[in-house]
Amino acid sequence: MTIYDDISSAVQRGKRKEVAPLVQQALDEGCDPVAILNEGLIPAMTIVGDKFSAGEAFVPEMLVAARAMAAGTEVLKPHLAAAGAEPVGKAVIGTVKGDMHDIGKNLVRMMIESKGFEVTDLGVDVAPEQFVTFLQEHDDVDIVCCSALLTTTMPEIGATIRAIEEAGLRDKVKVMVGGAPVTQAFADEVGADAYTPDAGAAAVRAVELVRG
Ligand code: B1M
């Protein structure tokens, strides 16, 4: 058993109080923060999701696992953020309307922040009008980031892009999209500027988008 297995096991069992010290221990032992994320925390959520699909775990188990994962990412956060980086741009992020999943969105926010972006997080269940209102009130935003985890809420990404178009703001911002059910084909269909499969790639792409 590696420390990553211990972290994954604690998240799967929803043991929030075990996760934070284990993540800290891994950091103290010199583990790479991104490896702790990719080899410990994220695989745990995949296993919980697979068990949910198989009828072996239920919503409460997903919820406690999510809280345990959040305790781990909280410890990792300062280690993922680049110390003292100059802001390279401004972004706004949210999980789309009807969707309460926020772990992936939070990771994308953290990784984009780690590249030196100033990111405003609108939270979960963000309606298209909320994105638009934010853009109307902040004319210096470079990138809008939409996350969706449910096949039923994916269309809200398209609705958000249309609302931004209808408000006459589409040429002022780039739109990045992602989340487990989202694909490049879907991103093309709804007219997004970029799709990335994970938080690390999202951060790299965000920098490319502002640098043209
Ligand atoms: Co939900 N849930 N859930 N859930 N849940 C899934 C997504 C599901 C796949 C589980 C399953 O069936 N196997 C399934 C969706 C099926 C589908 O539509 N295809 C599902 C379901 C059905 C539901 C409910 C409907 C269950 C019910 O009530 N019957 C319900 C819906 C509630 C709602 O939103 N309206 C529900 C509720 C919940 C909880 C509240 C209990 C909890 C969420 C808690 C929280 O987020 N605070 C929860 C959880 C934890 C999950 C699973 C187990 C884990 C999600 C997660 O955090 N993954 C999930 C199964 C799974 O994913 N294997 C599942 C880890 C996270 C790091 O990955 O979010 O994919 P992810 O983010 C990745 C990438 O996708 C990407 O980067 C991230 C990291 O690299 N990414 C982006 C994400 N956003 C991006 C944006 C970008 C770029 C990349 O650019 C802007």
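It should be emphasised that the depicted structure is a prediction, and the values quoted were computed from it without experimental measurement.

What counts and what doesn't
Residues numbered from 1 in each chain as written. Predicted model: local features only at pLDDT ≥ 70, side-chain atom pairs only at ≥ 80, totals over all residues. Heavy atoms only, no water. Near = heavy atom within 4 Å. Polar contact = N/O pair within 3.5 Å; in protein donor to acceptor, adjacent residues only side chain to side chain. Helix = DSSP H or I, 4+ residues; strand = E, 2+ residues; numbered from the N terminus. Pairing = 2+ DSSP bridges. Contact = heavy atoms within 4.5 Å. Axes fitted to C-alpha atoms, helices over the stretch in contact; angles between N-to-C directions. Salt bridge = Lys/Arg side-chain N within 4 Å of Asp/Glu carboxyl O. Buried < 20%, exposed > 50% of the residue type's maximum accessible area, 1.4 Å probe, protein only.

Engineer: Please explain the site of the ligand as it appears in this structure.
Structural biologist: The environment of the ligand is made up of 35 residues, and the closest members are S53, M100, H101, D102 and S147. Contact between the ligand and M100: an oxygen atom at 2.6 Å from a main-chain N or O atom of the residue. Between an oxygen atom of the ligand and a main-chain N or O atom of A199, the distance comes to 3.0 Å. Residue assignment for the shell around the ligand shows that the elements contributing at least two residues are helix 3 (33-53), helix 4 (59-80), helix 5 (103-114), strand 3 (143-147), strand 4 (174-178) and helix 9 (199-211).

Engineer: I keep staring at the sheet that holds strand 1 (residues 89-95) and nothing clicks. Help me out?
Structural biologist: Through backbone hydrogen bonds, the strands of a sheet pair up, either in parallel or in antiparallel fashion. In spatial order, the strands read 2-1-3-4-5; together these five strands make up an open sheet with parallel pairing. For this open sheet the edge positions go to strand 2 (117-121) and strand 5 (194-195), each flanked by a neighbour on one side alone. Sheet topology note: the strand 1/strand 3 ladder contains five bridges and is parallel. Directly across from V92, in strand 3, lies its bridge partner V144. Sheet strands in contact with helix 9 are strand 2, strand 3, strand 4 and strand 5, and its direction is about 165° off that of strand 4.

Engineer: Can you help me understand the pattern of salt bridges in this one?
Structural biologist: Side-chain pairing between opposite charges can occur once the charged atoms of the two side chains come close. Applying the stated rule across the entire model yields eight salt bridges. The partner of D121 in a salt bridge is K105, and the shortest N-O contact between them spans 2.9 Å. Linking D121 in strand 2 with K105 in helix 5, this pair joins segments that are 16 residues apart in sequence. Overall, the relative accessible area of 25% leaves D121 in the partly exposed class. With a closest N to O distance of 2.8 Å, R170 and D193 form a salt bridge. One end of the pair, R170, is in the loop between helix 7 (155-166) and strand 4; the other, D193, is in the loop between helix 8 (184-190) and strand 5, with 23 residues separating them in the sequence. A relative accessible area of 16% places R170 in the buried class. The class of D193 is partly exposed, set by a relative accessible area of 31%. Salt bridges sharing common partners tie together K105, R109, E113 and D121.

Function cannot be inferred from these measures alone, as they are strictly geometric.
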